[in-house]
Amino acid sequence: MDLSSDPRIVLTLDAGGTSFRFSAMQGGRQVTESIAMPSRGDDLDRCLSGIVEGFDLVRARCAAMPAAISFAFPGPADYPRGIIGDLGNLPGFRGGVALGPMLEERFAVPVYINNDGDLFAYGEAIAGLLPHVNALLEESGSPRRYRNLLGVTLGTGFGGGIVIDGRLLAGDNSIAGEVWLLRHKLERERNAEEGVSIRAVRRAYAAAACIPPGEAPDPEAIFEIGMERRAGNAPAAREAFRRLGEVAGDAMAQALTLVDGLAVIGGGMSGAWPLFLPALVAELNGAYTAPDGRRFRRLASTACDLEDPAQARAFLAGDLCTVRVPGSRREMEYDPTPRIGVGLSRLGTSGATMLGAYAFALARLDGKG
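Remember, predicted model here, so these are calculated numbers, not experimental data.

**Topic: the packing of aromatic side chains**
Point 1. The final tally for this structure, using the stated rule, is 11 aromatic pairs.
Point 2. Taking 5.7 Å as the distance between ring centres and 25 degrees as the angle between the ring planes, the aromatic pair formed by Tyr146 and Phe315 counts as stacked. With Tyr146 in the loop between helix H4 (129-139) and strand S10 (149-154) and Phe315 in helix H9 (residues 309-317), the pair connects residues that are 169 residues apart, well separated along the chain. Taken as a pair, Tyr146 and Phe315 share a single burial class, namely buried.

Shown next, in the form of structure tokens:
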């Protein structure tokens, strides 16, 4: 999808629990400065008024009228119809709020609302990790190309999105890719998010450091402790992130078994990748044990850490050989080792989500969504 020459303007919103950021995109890039406003999520009327005001302000800064509004908003929601359900971080939303239809009536343009994990994955599939990897494969002379992507975000929660052959997988109820509800590998009665989130890292650090959970620092500080750039219990910090990597890797392995594509990681805690990515990839490359004791791979593909130079080189080089067509002198190239790559966001989480929202709106306007 080439967005660079598209003249249409789309208004976007980055909706957080405490603040909203409004902006506009054209040609695949942001064309106005962001406007930040408090979300006031505990007061529905003030929140809705703020959303309208924010879009009014950013529209006034655009050189032309917008073609659509498209943004990520927390769920649960009936995203295709623009109806938001009961939200934890924005408690004013209760009983179903028709946010999309309200904005359509106010601004007289189509309004598209999606899950942030979905739009993050979509943005990375269009202009982030997916095309980046395919460009590297082309440069290296490899015939392999990737078309499918699993995106996950690590932060307050554990978000996810799936792109199949260039199309965002929404699901029949607009809740595909809900990786947070996969099972927690280490605490089987819990969901994966309880091992892959800010609160999980703080709990794990507190347990390993033998301190009360309330005394655990935030994940950024725990990362600095683990890298020995800050005073604290470094082994406990490294264990907290190693544990996150193991739980996240297990959940992603379950998803990648079905998706069979690249995986991209974003979110506020993705910057701590030196402490969790090795454990995550090791989990992807783990094994099951058959009843007779035989070990076999949990993924049919070999997972490569694209942030590790040696693994990235092996991923790009492949394992090409030639095979002869039976009954013929003709030979063909063959790579017997299926591989997937795991890497960090190339656009930044917010940038990928905004681009995903923009691209989704254009696709829908063109009848391709």
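**So, the sheet that holds strand S16 (residues 302-305)**
Point 1. Taken in spatial order, the 6 strands line up as S12-S11-S10-S13-S19-S16 in an open sheet, and their pairing is mixed. The open sheet has two edge strands with one neighbour each: strand S12 (167-168) and S16.
Point 2. Summarising the sheet, S16 and strand S19 (residues 339-344) pair through 4 bridges and their orientation is parallel. Directly across from Ala303, in S19, lies its bridge partner Ile340.
Point 3. Strand contacts of H4: strand S13 (262-266) and S19, with the helix running at about 130 degrees to S13, the strand carrying the most contacts.

**Regarding unusual backbone geometry**
The phi torsion of most residues other than glycine is negative, and most of the peptide bonds are trans.
Point 1. Of note, the bond from Gly75 into Pro76 is cis; its omega dihedral lies within 30 degrees of zero at 15 degrees.
Point 2. You can see Pro76 is positioned in the loop between strand S5 (68-72) and strand S6 (77-78).
Point 3. In this structure, Ser174 is a non-glycine residue whose phi angle is positive, near 60 degrees.
Point 4. Here Ser174 shows up in the loop between S12 and helix H5 (198-209).
Point 5. Judged by its relative accessible area of 8%, Ser174 falls in the buried class.
Point 6. The phi torsion at Cys210 lies on the positive side, around 60 degrees, for a residue other than glycine.
Point 7. Residue class for Cys210 comes out exposed when judged on its relative accessible area of 70%.

**Digging into the pairing of strand S2 (residues 19-26)**
Point 1. With 7 bridges connecting them, strand S1 (residues 9-15) and S2 associate as antiparallel partners. Bridged to Leu13 within S2 is Phe22.
Point 2. Linkage of S1 to S2, two consecutive antiparallel strands, is achieved through a turn of 3 residues.
Point 3. Two elements, S2 and strand S4 (residues 35-38), share 4 bridges in a ladder whose sense is antiparallel. Paired with Phe22 across the two strands is Ile35, which belongs to S4.
Point 4. Across 2 bridges, the pairing between S2 and strand S3 (residues 29-30) is antiparallel. In the sheet register, Met25 faces S3, and the bridge partner there is Gln30.
Point 5. In textbook terms, the turn of a hairpin is the stretch between consecutive antiparallel strands, and for S2 and S3 this stretch comprises 2 residues, one of which, Gly27, has a positive phi near 60 degrees.

Conventions and cut-offs
- Residues numbered from 1 in each chain as written.
- Predicted model: local features only at pLDDT ≥ 70, side-chain atom pairs only at ≥ 80, totals over all residues.
- Heavy atoms only, no water.
- Phe/Tyr/Trp six-rings, centres within 6.5 Å; stacked < 30°, edge-to-face > 60°.
- Helix = DSSP H or I, 4+ residues; strand = E, 2+ residues; numbered from the N terminus.
- Buried < 20%, exposed > 50% of the residue type's maximum accessible area, 1.4 Å probe, protein only.
- Pairing = 2+ DSSP bridges.
- Contact = heavy atoms within 4.5 Å.
- Axes fitted to C-alpha atoms, helices over the stretch in contact; angles between N-to-C directions.

Just geometry here; none of it tells us what the structure is for.
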